[in-house]
Each structure stands twice: as structure tokens, then as C-alpha cells.
Amino acid sequence: MSAQLHAARLMLRRGRGIGDLLPILAFAASTGVLAMVLGGLGAFMTRAAAVGDGGGSAAGASGGDDMLAFLMICALIATALLVPSAMSLGASAARLSLSRRERQLAAVRLVGGTRGQVGLVAVLDVLVQALIGSVIGLGLHVAVIPLLMRLDFAIAPFRFGELLLPWWGYPALLAGAALMAVASGAFGLIGVSISPLGVARQSRTVRMSILRMVVWVVLLVAFIVASKLLSYIPGLDAAVGIAIMLTLMALVVWSVNLVGPFLVWVVARMTAAIAPTPALLVGARRLAADPRAGWRAVSGIAFGLIIAGMLTLISSLSIDSGDEAGRAMGHALATGGYLTLAITSVLAAVSTGVTQTARLLEQGEVLRAQHVAGATVAQLHRARFAEIGIPLSLAGIVAAISALVLILPVMSGVGDPLIGLALYITAAAAALGLVAASVAVSGPLVGRLARTQG
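Below you will find a few notes about this structure.

Thresholds applied
Residues numbered from 1 in each chain as written. Predicted model: local features only at pLDDT ≥ 70, side-chain atom pairs only at ≥ 80, totals over all residues. Heavy atoms only, no water. Helix = DSSP H or I, 4+ residues; strand = E, 2+ residues; numbered from the N terminus. Buried < 20%, exposed > 50% of the residue type's maximum accessible area, 1.4 Å probe, protein only. Contact = heavy atoms within 4.5 Å. Areas by Shrake-Rupley, 256 points an atom, 1.4 Å probe, with all protein chains shown as cover. Expected span 1.5 Å × (residues − 1). Bend = angle between axes of the 7 residues up to and from the residue. Patch = residues over 30% accessible without salt bridge, like charges linked within 9 Å, V, L, I, M, F, W, Y side chains within 5 Å. Salt bridge = Lys/Arg side-chain N within 4 Å of Asp/Glu carboxyl O. Core = buried A, V, L, I, M, F, W, Y, C linked by side-chain atoms within 4.5 Å. Domains from an automatic or database assignment. Axes fitted to C-alpha atoms, helices over the stretch in contact; angles between N-to-C directions. Parallel < 35°, antiparallel > 145°, perpendicular 65-115°, else oblique. Left-handed = near helix turned anticlockwise from the far one by under 90°. Nonpolar A, V, L, I, M, F, W, Y, C, P; charged D, E, K, R; others polar.

What about the overall build of the chain?
- Across its full length, the chain holds 16 helices and zero strands.
- Relative to its 454 residues, the chain shows a buried fraction of 50%.
- For the chain, contacts bridging at least 24 residues in sequence account for 86% of all contacts bridging at least 6.
- When the accessible surface of the chain is split by element, carbon and sulfur atoms take 71% of a total near 20,900 Å².

Structural notes on helix α9 (residues 238–274)
- Under the 1.5 Å per step criterion, the end-to-end length of α9 is 53 Å for 37 residues, consistent within 8% with the ideal 54 Å.
- Along α9, the helix axis deviates most sharply at V259, where the bend reaches about 30°; the proline P261 sits within four residues downstream.

Observations concerning the side chain of R286
- Along the polypeptide, R286 turns up in helix α10 (residues 278–289).
- A relative accessible area of 12% places R286 in the buried class.
- In contact with R286, not counting residues within four places along its chain, are Q363, L367, Q370, A383, R384 and E387.

A short note on a nonpolar patch on the surface
- A surface patch of nonpolar side chains, amounting to about 490 Å² of accessible area, comprises V217, V221, V225, L229 and Y232.
- As for its placement among the helices and strands, Y232 is situated in the loop between α8 (211–229) and α9.

Digging into the nonpolar core
- By size, the foremost hydrophobic cluster in this structure holds 88 residues, and its most contacted members are F44, I155, F223 and L406.
- Counting only domains with at least three residues in this core, you end up with domain 1 (1–202) and domain 2 (209–454).
- With residues up to four places along the chain from it excluded, the contact list for F44 reads L68, L71, M72, A75, F153, I155 and F158.
- One finds L360, L367, L449 and A450 within the second-largest nonpolar core, a separate group that totals eight residues.

Here's the deal with the pattern of salt bridges
- Under the defined criterion, the tally for this structure stands at three salt bridges.
- Two residues, E162 and R47, come together in a salt bridge whose shortest N-O distance is 2.8 Å. Linking E162 in the loop between α5 (115–148) and α6 (169–188) with R47 in helix α2 (residues 18–52), this pair joins segments that are 115 residues apart in sequence. As far as the burial class goes, E162 and R47 line up, both buried.
- Of the charged contacts, one joins R159 and E162 as a salt bridge, the two residues approaching to 3.6 Å between their closest N and O atoms.
- Residues joined in a network through salt bridges with shared partners are R47, R159 and E162.

What to know about the environment of G330
- In this fold, G330 is placed in helix α12 (residues 324–362).
- Residue class for G330 comes out buried when judged on its relative accessible area of 7%.
- Taking the C-alpha atoms as reference, G330 lies 9.4 Å from A154; in sequence the two are 176 residues apart.

Thoughts on the packing of α10 against helix α14 (residues 377–407)
- Interaxial distance between α10 and α14 falls to 8 Å at its minimum, and their mutual angle equals 50°. Put simply, α10 runs oblique to α14. Crossing hand, α10 versus α14: right-handed. Residues A279, L280, V282, G283, A284, R286 and L287 of α10 pack against Q379, R382, A383, R384, A386, E387, I390 and P391 of α14.
- Residues belonging to the contact of α10 with α14 are distributed by class as follows: nine nonpolar, two polar and four charged.

These results come straight from atomic positions and should not be treated as a statement about function.
As C-alpha cells, this is what we get:
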């Protein structure tokens, strides 16, 4: 055991470059967003409980019991949408941390470490980065609370203490982040060869099953069927019906990251077979070799497009309200919708930027070898854009279908679909621009890595 701990200390002290900061940044964003979302949900639930106990003033002069109850339902929906994405970013951070340590793990194997010992060292490394990032994220959560207090939800402004989690919530989030990091790291070891020969050959096990597609389709159908049939079930409590719909909504959002890698793998293999240019061929083969990493580069954008689709509904229901209560409700809905989109944009920016930079660092030796073999930096850039273009196109298709299904049950109540469509196009353009910006920011790394002497 002492040899294991000594190896772990050596690993944790090595490499303080940008590659080691990326998982910490991702963990910070994931934990910070989770704390902010859960704190906001708790604030709405506290207000609603106060009204139910007779503290009607908590709702403010312009918000009655019905509005506050409706806003709490909206907060539950936003939580169901945001929590899976934030947790997915944390899990991706754990797998990223593991992949960055492959050669160091292989070195431990060379000096006599067993597979179990190396696995323990890897999980310890992920755990330390998760705890550091989570503490930073909780600090950022507390720092942004004054900004959240300024938001207008047509009720009395929230106080600082209301937006904080209960005292036990913070250690619970730290424990949850640690557990997720350990589980993701352990699971990631299944698909990564940490033997010296395996690392030298860059061997990975790519397991893609059509069951991923089946699960996504089944969940979409289940959501549509439940939205149509729940209202006809006699004696079904409204709270139970809402809980069922929220659960199915969260599962639909989660399944997007389940089906995405499978679609990337299928399309990349088909594209590689018919690619008309070398750049497209290289990009497609990279994706086919590691479809999960290719999808992670755009998973945040896919989720952002789903939120944009939900905003289409919110904007359509918020327009042309006839009375003061309706206008207040529309204003509160718009505020909550744009806040959700802003949080999603932060997650997407971190996810895209971190993943793009990490993939470049992982491909450093490949880029150098291709450059030495005669590929110009411009050709390497074209291959990279081809590599991001395939999953980005699939993300747009999957997100559009998922968003359509999620808003389908209430499409009959939409007022002006043109306004909602314009908003969706604007949000989608912003999301695609975010991807382009993240690719451009990390672009100079291509030339630097290609020209670096190994």
C-alpha cells in the first residue's frame, strides 16, 4: 500500500499544465451550476411552503398563490433540464482526467504495479481533482448569489439566505461529486488500456450498441404517450402526474448523450467509406475510433439547442397577455427561461472549450507525426473542422427532435409561432457561434503541437 501511495503522490505532483487544469475547471462549473440550480429550486419551494402556512406576503404584491405554485413547477422543469447536463459535465471531467494520465499509469505498470494498484492511483487522482474543482464551484455559487437576487420574477425579491443551500447541502454536493468522480473514473478504466503496450498502441475498446438508439426512441414515445394519457387516468393526483412528466423529461434529456455517440460512430464510419477528400477521411476515422470524445465536444451545444426549443414555447405563451396578471406571468416565465438559457450557455462553453482543448492535447503526437509525414498545418486544420462538423450536425438534428417532442404536448396553446421560431433560430445561431469560437480559440494549438519536437 505504501508503494501505491508513493506513486499517487508522484503523479499528483507532476504536470501542472493546462491539461491538468481542464478537469478541475469542468468540475467547478458542474458543481457550481448544481448548487445554484438546487438553491434556486429550494428558494421557490420555501416561498410556496410559506404561502401554504399562511405567510401570503412572501409571494409579493403582484404574485398570488397560483403564480407562485406555477413558478415552482417551472423551477422543477428547469432543474430537470439542467441537472443531467451538469452531472454529465462532471462525469466527462472524470473521464478526461483519466485519459490525460494514460502514459503515467503505464509507467507505474512498468515498475511493477498491478492493474488493481494502477486503477487505485487513477481513481485517487480523479478524486483529488474533483474535490478541488467542487470547492471552487461552491465558492462561485456563493459569489453569484447577489446577481441572482436582482432578477425579477414578479414576486418579492429573493434574499441571500433563501438562495443558499441548507448547511448539509454543501457537504452532500461534495460527497456526490466525489462519488461520481470515482464511479466515472472506475468505469472509464474499462474502455482504456493502461498496459504499457496498450498505451503505446493507443488501444481503446469502442463499444457501441444499437440499444442506445432504442432507448432514446422509447423514451421519446413514452413522453408523448404519457402526456396524452395521464389526464385520462381517474383518481391520479396532479402532483404524481407532474412528477412522472418531469422524470420522463429528465430521461429524454439524459438520453441525448446516450444516443449521440452511437450516431457519431455510425455516421463517421459511413463517411470514412465515401470521403472524397483526405481531410474528411482523417476526421471521420478519428471520430470512428473515439465517438464518445467526438460527441462530448458538442454535447453542451446539443443541450443548449434543447433549451432554445423550450424557450420557443415560453416566448409564445408570454406574448400578448391580456391583463396585468398575465403580463406578470409572462415576464416571470421569460426571466426564468433566459436564466436557464444563460446557465446552459455556461455549461456549453465550458464543455466545448475543455473538450476541444483536451482532444488537441491528446492528439499531439498524431499531429506531429502527420506534419512530419508531409501534412501542412492548413490540412490539419481542415481535418479538425471535419472532425467537429459531423457531431455538430448530428447534435443539431437530435436536439431539434428532442425539443419538438418536449414541447409537443402544449403546442396547441402557442400564440405566435413565428416569434418562437425567430427566437429558436437566434439561440441556435448563438450556440453554433459558440462552437466556432471554441474551435477558433484552441486553433493555434494545432500549429504549436504539430511543430513541437517529440
